[in-house]
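# Summary of structural features
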Number of protein chains: 2
Amino acid sequence: MAKTVREAFRVPVEQMDPRGRPIGPQDKAAGKQELAALGERLDQLQEALYAEAIGGGQRAVLLVLQGMDTSGKGGVIRRVGGLVNPQGLHIATFKAPTEQELAHHFLWRVRKQVPAPGRIGIFDRSHYEDVLVARVDGLVPEDVWRGRYAEITEFESELAARGVTIVKCMLHISPQEQAERLLARLDNPAKRWKYHPGDVDARAKWAAYQEAYAEALRRTDTDAAPWYVIPSDRKWYRNWAVAAVLAETLAELDPKFPEPDFDVDAERARLAAVTPATAAR
Amino acid sequence: MAKTVREAFRVPVEQMDPRGRPIGPQDKAAGKQELAALGERLDQLQEALYAEAIGGGQRAVLLVLQGMDTSGKGGVIRRVGGLVNPQGLHIATFKAPTEQELAHHFLWRVRKQVPAPGRIGIFDRSHYEDVLVARVDGLVPEDVWRGRYAEITEFESELAARGVTIVKCMLHISPQEQAERLLARLDNPAKRWKYHPGDVDARAKWAAYQEAYAEALRRTDTDAAPWYVIPSDRKWYRNWAVAAVLAETLAELDPKFPEPDFDVDAERARLAAVTPATAAR
């Protein structure tokens, strides 16, 4: 009992039910209410993180989102990212790498998107694709993708050392739920643009992907950059859970508004002395 | 009568009362209600713009925010930008140029921040600083900043020609309101980080700034890139007004969801045929 939100979700993916609700709100109404409350908290915490960086602070947060197609990466960005000031966000989407990107080390394009101090970065897919699709589709030899586990944990602990707190969420859905969501995208002309024939190809390799996810999470779950498995068959629960993990992480960071680097009383006096010529207009 | 929102705000800055409400909601309650309704509309329009670009569309929107300190540029980003999916936003803040930026043409750093197709870009200050503070503080000779009016209109019509719809909003506040807001920042420890002693220096040059704004707006107000003067002494009215101008602009663009580049029925059949091995798990 008295588990933290993060403890509740930091479990092997094989042990998490995509429809599970191991902690927090148990129905949609409660979920929406608790999400709104978390929104206010997140908004305040993010403002403090942003302000801290204005004052010279170096800390940032990076939320990595991974999951099968339709698992809700975009939905989390919209519903959870949408809770805070967009000016404090840095969102990066990683699609299949371009030729230029392929010519570089797989972390090259990722390094360029690390959030600046004060920001909450959100990765819509990430360097984990390089041990997921790269493995399942055999894009590189096994020794190469296996070697990447260590490269990733090294990269992530380097980020942590310079003040970037990493929160990795795997949005875990069931194949049944995915089928319904893909079909819904096909049925709705306003959602068809989100559908790609390749989604069905990836779906056909479900078991291979689950195996790739399970090993990737096991090998790269570190205290510096933990993995949280978010039950995502229910969108409201998924949104609440990611927001709760993020809020708990930010609360622990406890970002501080900077002390002024000016004399507050002197500024009050200067302000009182300045009456613009047009003030009476 | 029957003015559009954009017509109501496309007036010389000297003719707009910072407390005016020339159109739309007249009290705070109505303003908040109408803003929420606009939010839904903006969210839909932005999703369509984003989708259109996924389908190959080239159109984007650029919202340029200018105004004296405390006029609410950050507030608009938070309250209006916060109404849409953050994934569809590209926010750029232009502070005093760095040495590297000063070594380039003044539009160099601006060109790098032009929103990609499908995005709504928001500029927190912009290339207009180069005819505002540059003029008031004499950072460059008069013939240089005067020459920039033409450079700016040329740049903006070039953007318009390649599909970027430009919406420029000057957030117009009174010097009295500014004094109250600066004092409030000094009084609240959680807001002091937003205060800079330089704000009072700029305030002391109020009349010179108003003159610089008036001429800049007059010389760069074009049909390709119009200026809207937003009465900003009331935050709720300012937020509504910018959202309304943006929504009217997007509605006129009428972005379209792309036609699928695949056979929808064939995909339905493929989807039905794929039953992942783990589906029963």
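For the structure itself, look to the data block above.
Let us look at the structure shown here. Everything numeric in this text was worked out from a predicted model, so none of it was measured.

### Some points on the interface of chain A and chain B
Contacts between the two partners involve 56 residues from chain A and, on the opposite side, 55 residues from chain B. For the chain A face of the interface with chain B, the top three residues by lost area are Gln87, Trp193 and Leu271 of chain A, together amounting to 15%. Linking chain A with chain B are 11 salt bridges. Residues Glu47 of chain B and Arg78 of chain A are paired through a salt bridge, measuring 3.4 Å at the closest nitrogen-oxygen approach. Elements with a contribution of two residues or more to the side of chain A that touches chain B: helix H2 (28–54), helix H3 (73–79), strand S2 (89–93), helix H8 (175–187), helix H9 (197–203), helix H10 (206–220) and helix H12 (264–273) of chain A. Among the elements that take part in the side of chain A that touches chain B, H8 of chain A stands out by supplying seven residues, more than any other. When the residues that make up the side of chain A that touches chain B are grouped by side-chain class, the tally is 31 nonpolar, 10 polar and 15 charged.

### Structural notes on the packing of H2 of chain A against helix H11 (residues 235–253) of chain A
All names here are of chain A. The interhelical angle for the contact between H2 and H11, taken along N-to-C directions, is 30°, at an axis separation of 9 Å. Relative to H11, H2 is oriented roughly parallel. The handedness of the crossing between H2 and H11 comes out as left-handed. Taken together, the residues of H11 that come into contact with H2 (itself represented by Lys28, Gly31, Glu34, Leu35, Leu38, Arg41, Leu42, Leu45 and Leu49) are Trp236, Asn239, Trp240, Ala243, Ala244, Leu246, Ala247, Leu250 and Ala251. Of the residues assigned to the contact of H2 with H11, the class counts are 13 nonpolar, two polar and three charged.

### Things to note about the nonpolar core
Here is a general trend for soluble globular proteins: nonpolar side chains tend to be buried in one another's company. In terms of nonpolar packing, the biggest core is built from 75 residues, with Phe9, Cys169, Ile230, Trp240 and Leu250 of chain A touching the most fellow members. Per-element tally for this core: the top contributor is H11 of chain A, with 12 residues. Among the nonpolar cores identified, the runner-up in size contains 73 residues, and Ile77, Val229, Val242 and Val245 of chain B belong to it.

### Topic: the relation of the copies chain A and chain B
Superposing chain A onto chain B takes a rotation of 180° combined with a translation of 0.0 Å along the rotation axis, leaving an RMSD of 0.0 Å. The transformation relating the two chain copies, once decomposed into turn and shift, fits a two-fold axis. Comparing interface residues between copies, 98% of those in chain A also lie at the interface in chain B; the contact surface is shared.

Criteria and cut-off values
Starting afresh in each chain, residues are numbered from 1 along the sequence in its written order. Here every chain gets a letter starting at A, and every ligand a number starting at 1, in the order they are written. For this predicted model, a pLDDT threshold of at least 70 governs which residues receive local features, and a threshold of 80 or more governs which side-chain atom pairs are given and counted, while totals over whole chains, interfaces and linings are taken from all residues. Calculation of side-chain values draws on the structure's entire complement of heavy atoms; hydrogens and water are dropped beforehand. Should any heavy atoms of two residues lie within 4.5 Å, those residues are counted as being in contact. Two parts lose some accessible area (1.4 Å probe) when they are put together, and adding that loss for both gives the buried area. We define a salt bridge as a side-chain nitrogen of Lys or Arg found within 4 Å of a carboxyl oxygen belonging to Asp or Glu. The way it works is that DSSP assigns letters per residue, a run of H or I at least four long becomes a helix, a run of E at least two long becomes a strand, and they are numbered from the N terminus. Asp, Glu, Lys and Arg are counted as charged, while Ala, Val, Leu, Ile, Met, Phe, Trp, Tyr, Cys and Pro are counted as nonpolar; the rest, among them Gly, fall into the polar class. Here an axis means a line fitted to C-alpha atoms, over the contact stretch when the element is a helix, while the angle between two N-to-C directions is reported on a 0 to 180 degree scale. Throughout this description, any angle smaller than 35 degrees is read as roughly parallel, any larger than 145 degrees as roughly antiparallel, any in the 65 to 115 degree range as roughly perpendicular, and the remainder as oblique. The hand of a helix crossing depends on one turn: near helix anticlockwise from the far one by less than a right angle means left-handed, and clockwise means right-handed. Only buried residues count toward a nonpolar core. Its members are Ala, Val, Leu, Ile, Met, Phe, Trp, Tyr and Cys residues joined through side-chain atoms within 4.5 Å. Between buried and exposed lies partly exposed: a residue is buried under 20% and exposed over 50% of the maximum accessible area for its type, with that area taken using a 1.4 Å probe on protein chains only. A residue counts toward the fit only if its pLDDT is at least 70 in both copies, and the copies are then superposed by least squares on the C-alpha atoms of those residues.

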